[in-house]
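# Reading the structure
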Amino acid sequence: MARLPKKTDQPQTTTQALGSLLKSARDIMRKDKGLNGDLDRLPMLTWIMFLKFLDDLELQREAESALAGKRFRPAIEPPYRWRDWAASPQGITGDELLAFINQDECTRPDGTRGPGLFAYLRRLTSSNGDDRRDVIATVFSGVQNRMVSGYLLRDVINKVAGIHFTATSELHTLGALYETMLREMRDAAGDSGEFYTPRPVVRFMVTVADPRLGETVLDPASGTGGFLVESYNHMAGQVKTVADRRTLQERSLFGCEPKNLPYLLCQMNLLLHGLDAPRIDPGNALRFKLTEIGEKDRVDMIVTNPPFGGEEEKGIQGNFPDDKQTAETALLFLQLIMRKLRRQATPMGRPARAAVVVPNGTLFGDGVCARIKEQLLKEFNLHTIVRLPNGVFSPYTGIPTNLLFFDRSGSTREIWYYEHPLPEGRKNYTKTQPIRFEEFATCVAWWGKREENDRAWKVPVEEIIKYNGEGRLASVNLDIKNPRGKADVAHLPPEQLVESILEKERRITAIVGRIKALIEKPSLGNSNE
């Protein structure tokens, strides 16, 4: 029998090579008894990659400083740099490696006694205006090494050592691979996971909000950094000069994320997409008194999906006006966003603007919610509400959601509504059949050339804000249905839902009464015979 010609190995592309490398690292982690699923594995892989990334960056900056004849001050000193303990495949391993990483004091790789790696990193403080050390300290304040085998940990480190973070092609590929891993981790978390905004929704919001180079962009609820990554990508295409690049890198993007794990993942996500020094505030964005936020604290654009369904403590609620205090996190964030938008035109001559994801309840809520919406309509131009269909945020939440777009161009006179349709033949989006960016193409085309159609309609503000006979606010109902669409009971406000049910019951009672009358008539006639 003739032998088949021997297959020759095809050279792997960057995507294949890096994908294989990361898969190998995760496969090694699966063998460790201290890790339980992707919820443990991705954070582990992230802090290891973070230290390798940092050392690659430091080596590059050190070389640049030497060429320029300048003194270089490293963010991490020996023997704690990646090159000192991790770079060599024959470096420390087993219990010695675990002791160096975990213990407050240990024998270090250079043979001297001193703080362990995490202990050292957590104590770093910035100097000479370089805040890299503060970022590192914040990142590692919430990081734990959960691997119990120092030998398996060494194997993972050796895999990560094969990544070249200073290679542009690898960095671009890693950004995409990392986003895939973030999605997998959120899927593994289920209902307990961080709320995830689908990338197509993020991209649509950033596309129509259109951040321009020279403007400042903020996400006060950054999570893992999706909105900031998309904004960075959008603005990167506008870079033409070295000065433009410096503007993008240093003065354009800002975030806020108080939880340790999302903060670490956000930093890594932005670094992998090309932002050299992400400016992410590790505190709660709501911690400042609203009235103390002045023009110097304001930004040109806010794009965000603030947490909803959560409740804030009394101390945080006290930062807001007495008549607008609430435990509902989404409503507090809406007030913060309104306060943080610059009052003057942006450097590009455009009004400061916001694109915000809100739950359906915000549209029809009364009381404090109505007062906040009244302020929004009087002080801002809420020009567009995009109504998203069922399942867009599946499997993370089933709550119906909307996208608000408003700016500082004046008060609201009318609101355009756009009802995003489901694909033909679909009843909802699912985890396996999610929304795609291409499905927003019709809305993006409509955005600049607006006219009413089966999916778009406009409503004058007088039909939305209602006052009673004494001139007091009665309601602010933004939950306006498509006049050309089918009624969707799932989206009705509670009072309309109750009224709809009662009306159906009255109709059923009337029908039953008529049927009963028809049945009884013959029986009465028969008895008279």
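The structure presented is a predicted model; accordingly, all values stated were derived computationally and were not measured.

As a further point, take the overall build of the protein chain. Looking only at helices and strands, the protein chain features 18 helices and 13 strands. By residue count, 48% of the 529 residues in the protein chain fall in the buried class. When contacts within the protein chain are restricted to residue pairs at least 6 apart in sequence, long-range pairs at least 24 apart make up 75% of them.

With that settled, consider unusual backbone geometry. The step from P78 to P79 runs through a cis peptide bond, and the omega angle for that step is 5 degrees. Counting through the fold element by element, P79 comes out in the loop between α2 (38–68) and α3 (82–85).

In terms of nonpolar packing, the biggest core is built from 103 residues, with M49, W85, L121, F140, F204 and M205 touching the most fellow members. Excluding its chain neighbours within four sequence positions, the residues that come into contact with M205 are F227, V303, T304, A355, V356, V357, L403 and F405. In this structure, L218, M338, A370 and Y417 belong to the second largest nonpolar core, which totals 34 residues.

Once that is clear, we can look at the packing of aromatic side chains. The final tally for this structure, using the stated rule, is 18 aromatic pairs. Pairing Y80 with F100 gives two aromatic rings, centres 6.0 Å apart and planes at 15 degrees, and the pair type is stacked. One end of the pair, Y80, is in the loop between α2 and α3; the other, F100, is in helix α4 (residues 94–102), with 20 residues separating them in the sequence. Side by side, Y80 and F100 carry an identical accessibility label, which is buried. Ring geometry for Y80 versus Y120: centroids 4.0 Å apart, planes at 5 degrees, classification stacked. With Y80 in the loop between α2 and α3 and Y120 in helix α5 (residues 117–122), the pair connects residues that are 40 residues apart, well separated along the chain. According to the relative accessible area criterion, Y120 is buried, its value standing at 15%. Through a chain of ring-to-ring contacts, three or more aromatic side chains come together here, namely F204, F405, W416, Y418, F440, W446 and W447. Residue placement shows R203 over the ring face of F437; its charged tip is 4.0 Å from the ring centre. R450 extends its terminal NZ or CZ atom over the ring of W447, reaching a point 4.6 Å from the ring centre.

Turning our eyes to something else, we now look at the pattern of salt bridges. In this structure the tally under the stated criterion is 32 salt bridges. We note a salt bridge from R30 to D27, for which the minimum N-O separation is 2.7 Å. Of this pair, R30 and D27 both sit in helix α1 (residues 14–30), 3 residues apart, roughly one helical turn. Given the relative accessible area of 29%, D27 is considered partly exposed. With its nearest N and O atoms 3.3 Å apart, the salt bridge here joins R245 to D276. Of the two residues, R245 sits in helix α11 (residues 242–251) while D276 sits in the loop between α12 (260–272) and β5 (280–281), which places them 31 residues apart along the sequence. Judged by relative accessible area, D276 falls into the partly exposed class, the value being 29%. Sharing partners across several salt bridges, the network here consists of D210, R212, E215, R350 and R353.

This brings us to the packing of α4 against helix α7 (residues 150–160). Packed helix pairs are specified by the crossing angle of their axes together with the interaxial distance, meaning the distance between the axes. Closest axis-to-axis distance for the α4/α7 pair is 7 Å, and the angle between their directions is 75 degrees. In this view, α4 runs roughly perpendicular relative to α7, as classed from their interaxial angle. Every residue of α7 that contacts α4 at G94, L97, L98 and I101 is listed here: G150, Y151, L153, R154 and I157. Grouping the constituent residues of the contact of α4 with α7 by class yields 6 nonpolar, 2 polar and 1 charged.

About the thresholds
Residues numbered from 1 in each chain as written. Predicted model: local features only at pLDDT ≥ 70, side-chain atom pairs only at ≥ 80, totals over all residues. Heavy atoms only, no water. Helix = DSSP H or I, 4+ residues; strand = E, 2+ residues; numbered from the N terminus. Buried < 20%, exposed > 50% of the residue type's maximum accessible area, 1.4 Å probe, protein only. Contact = heavy atoms within 4.5 Å. Core = buried A, V, L, I, M, F, W, Y, C linked by side-chain atoms within 4.5 Å. Phe/Tyr/Trp six-rings, centres within 6.5 Å; stacked < 30°, edge-to-face > 60°. Lys NZ or Arg CZ within 6 Å of the ring centre and 35° of its normal. Salt bridge = Lys/Arg side-chain N within 4 Å of Asp/Glu carboxyl O. Axes fitted to C-alpha atoms, helices over the stretch in contact; angles between N-to-C directions. Parallel < 35°, antiparallel > 145°, perpendicular 65-115°, else oblique. Nonpolar A, V, L, I, M, F, W, Y, C, P; charged D, E, K, R; others polar.

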